[in-house]
Amino acid sequence: MTDRRSDDATEKAEELLERFTTARHKEPAAVEWPTGIIGVLHVIRLGIERVTTLTGSIAMALAWIVFFLGLFNVTTRYIARFIQRDIIIGQVFDLQWMTFGALFLLGFNYAVREDVNPRIDFWWTHFSDKTKAWIDVIGHVVFFLPFLWMSLTILWPYSAQALGRKFDGTWLTWRVWEVWERSADAGGLPRGPIKLLMLIGFILFASQIIAQTIKSFMVLIDRPELGDLAEHEAPTRVE
Amino acid sequence: MELGVVLSILMFVLFIGMILIGYNVAYSFAASALTFSFVGDLLDVFDPARLNVLPARWFGALSDANLLAVPFFVLMGAILERSGMAERLLNAIGMLMGPLKGGVAVAVIFVGTLLAAATGVVAATVIVMGLLSLPTMVRLGYDHKLATGAITASGTLAQMLPPSLVLILLAQQMGVGILGLFAGALIPGLLLSGLYMMYALAISNLKPGTGPAMSKAERSLTGGVLALEVLFSVIPILLLIVAVLVSIFLGIATPSESGAVGVLGALLLAVGAYYTDKLLVAQGATHITPRWRLTWKTLKEAGRSTANISILVMTLLFSSTFFAYMFLILGGSDATARWLADIGGGKTGFVLVSMVAVFLLGINLEFLEITFIVVPIFVPAMDLLGFTLTEKIWFTVLMAVNLNMAFISPPVGFSLFYLQSVAPPEVKTSDIHKGAIPFMVLQGIALVILGFFPGIVEFSFNFFTLGD
């Protein structure tokens, strides 16, 4: 029922689908290098986003690794049942959810930059650039960064033992794994590293929010070429 | 009213205000919760030391075996989306059903149902079908309203038919288990699809000119080649869906394990399609160009969308956990539960009120936000009213049908926007809007049927879970 033109249509469909999935972020164009405090902010933003790019690509690779671990897991379980022998590798199950955890913890900052997290664009689309920038700057500085700061302060005692802090508050010098508690399941993996990763994930999250604030701030001071606003021409939709 | 309850209501108001002006939904959850933990501390109704339980709650979400299913099903959908499955199916089924009056519309609904179940992504299904089959239907002389309605309605089924992301998250938030919800939603989803097909057939036969039959000249494909093409396009995808669902239903595999096998199946399907296409061309099919689909770029894009959606879901979950916790501690949770339970009419009253609320919210919010905003409010009320597990599943299925309705409600339904972005110029936006209305009515009928006969969901649940 499709025409001969179906190839064109397919290509167009792929192009459109790509708009829904490909990276939105573009490296800032070469501009005249700003001086003074603006220059410092710009450099901070570029530095943060370099880290974001890195952890973002790690997160994408982890999506496939989660799949391979899952496949390995289900295969060994079936082989074990088939040959009636216990060859199930308990650690792999733990590794699987920990990898998924690493995927989104390391990807928090990437999703922030790509503006993946949904907004209600009911009024947003009608706002001017400055209004959008004001909403984001105030939201980030007054509300969201304090939340991330609070999270870091409560995550610190939770994760610090992964760095070798003992219950009495003293620190191990280098054999930090001695205080990593074991997983609840026998033969599981220690949970220290993933708890540490929670702390790291929130630090990355906060860093990209700072970069985001800088970008909105640039729009506010009439240097939009140094900023970047959420445009929502092609919103990322999940469904 | 207690001070804590007042604060939790204000917290909710602040949250709604923030998301309305367009601040990120996930950040708004955390922002309003933090503000009111601070205010609560100042007014001595909240002890900030209680915030120390949050890391453990986040860790619980992180190690939740149910949520582990998310990346697998997203990855499976992302691969299938790019496997060329849609065009192959539309071509084959369209040619097969074309000679019937309204046949192409029925074919679109059938294919939409398959695609919806396999990919679980409304946007992709609607866009691909809009690009591939809307021009054809327009050329054949179909009524634009019927053509667009069939596409938007069947594409939206992606939320409803298992395995879908919507159902996984709803199950997680409702605490009903993925297996149970998948089983309970399957027959209602198929019921909707069946209603759409019957409507398309009926209207094309009753009202001349709405869905003309394909002329002989249009049918470029007949006999053996057509049979082969139908076989090659339908069988693999049907097998994949059935295998994934059956292995979950029979308890052979956990949802995440089935998802892993599903991804493997999707990869095999994309590879196999290249060879079956070649075979068809050798048999004399002229409209296909075999193309190797699993390029490096495809795989990378699939990984990217999997990462994007997993992160999005978990960001929302982390911050809404904080919000829900504050709502509970400040006493808003108990108060709304009691209020919803005392609404009158017991369970029926509650279901009616909540359905109206979900529909109104669904017009402007996506399912994700709805799942994280209203479900934590509903669950305590449901527990207070004594909902059993099957009743909870029934309620969740009603919610899913309801969200389907909101999704194609003109003028702001999301599916309509997707179709508008790809519709040929001769299809007017008003046609797309009017076309959705009969299908909304059908969804409304389905909602009423399911509401009055909870037995349908219960039967679906018992049948597919084998009663356990």
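You'll find the structure just up there.
Residues numbered from 1 in each chain as written. Chains lettered and ligands numbered in written order. Predicted model: local features only at pLDDT ≥ 70, side-chain atom pairs only at ≥ 80, totals over all residues. Heavy atoms only, no water.

(A) Summary view of the packing of aromatic side chains. Taken as a whole and assessed by the stated rule, the structure comprises 41 aromatic pairs over all chains. Ring geometry for A:Phe144 and B:Tyr27: centres 4.4 Å apart, planes at 25°, overall stacked. Of the two residues, A:Phe144 is situated in helix H5 (residues 129-160) and B:Tyr27 in helix H2 (residues 25-42); the pairing between them involves two chains. A ring pair is formed by B:Phe350 and B:Phe395, whose centres lie 5.5 Å apart and whose planes are at 25°; its orientation type is stacked. Residue B:Phe350 is found in helix H15 (residues 346-364), and its partner B:Phe395 is found in helix H17 (residues 389-407); the two are separated by 45 residues along the sequence. B:Phe395 carries the same exposure label as B:Phe350, and that label is buried. (Phe/Tyr/Trp six-rings, centres within 6.5 Å; stacked < 30°, edge-to-face > 60°. Helix = DSSP H or I, 4+ residues; strand = E, 2+ residues; numbered from the N terminus. Buried < 20%, exposed > 50% of the residue type's maximum accessible area, 1.4 Å probe, protein only.)

(B) Highlighting the interface of chain B and chain A. With 95 residues of chain B at the interface, the matching set in chain A holds 74 residues. Both faces considered, chain B and chain A share a buried interface measuring about 7,900 Å² in area, 71% of it formed by carbon and sulfur atoms. On the chain B side of the contact with chain A, B:Tyr27, B:Phe59 and B:Leu62 bury the most area, a combined 9% of that side's loss. One can count 1 salt bridge joining chain B with chain A. In this structure, B:Glu257 and A:Arg77 form a salt bridge, with 2.9 Å as the shortest nitrogen-oxygen distance. There are 9 residue pairs in polar contact (both at pLDDT 80 or more) connecting chain B and chain A. For the side of chain B that touches chain A, the leading source of residues is helix H13 (residues 296-329) of chain B, giving 19 residues. (Contact = heavy atoms within 4.5 Å. Buried area = accessible area lost by both parts, 1.4 Å probe. Salt bridge = Lys/Arg side-chain N within 4 Å of Asp/Glu carboxyl O. Polar contact = N/O pair within 3.5 Å; in protein donor to acceptor, adjacent residues only side chain to side chain.)

By themselves, these observations are geometric and do not establish any function.
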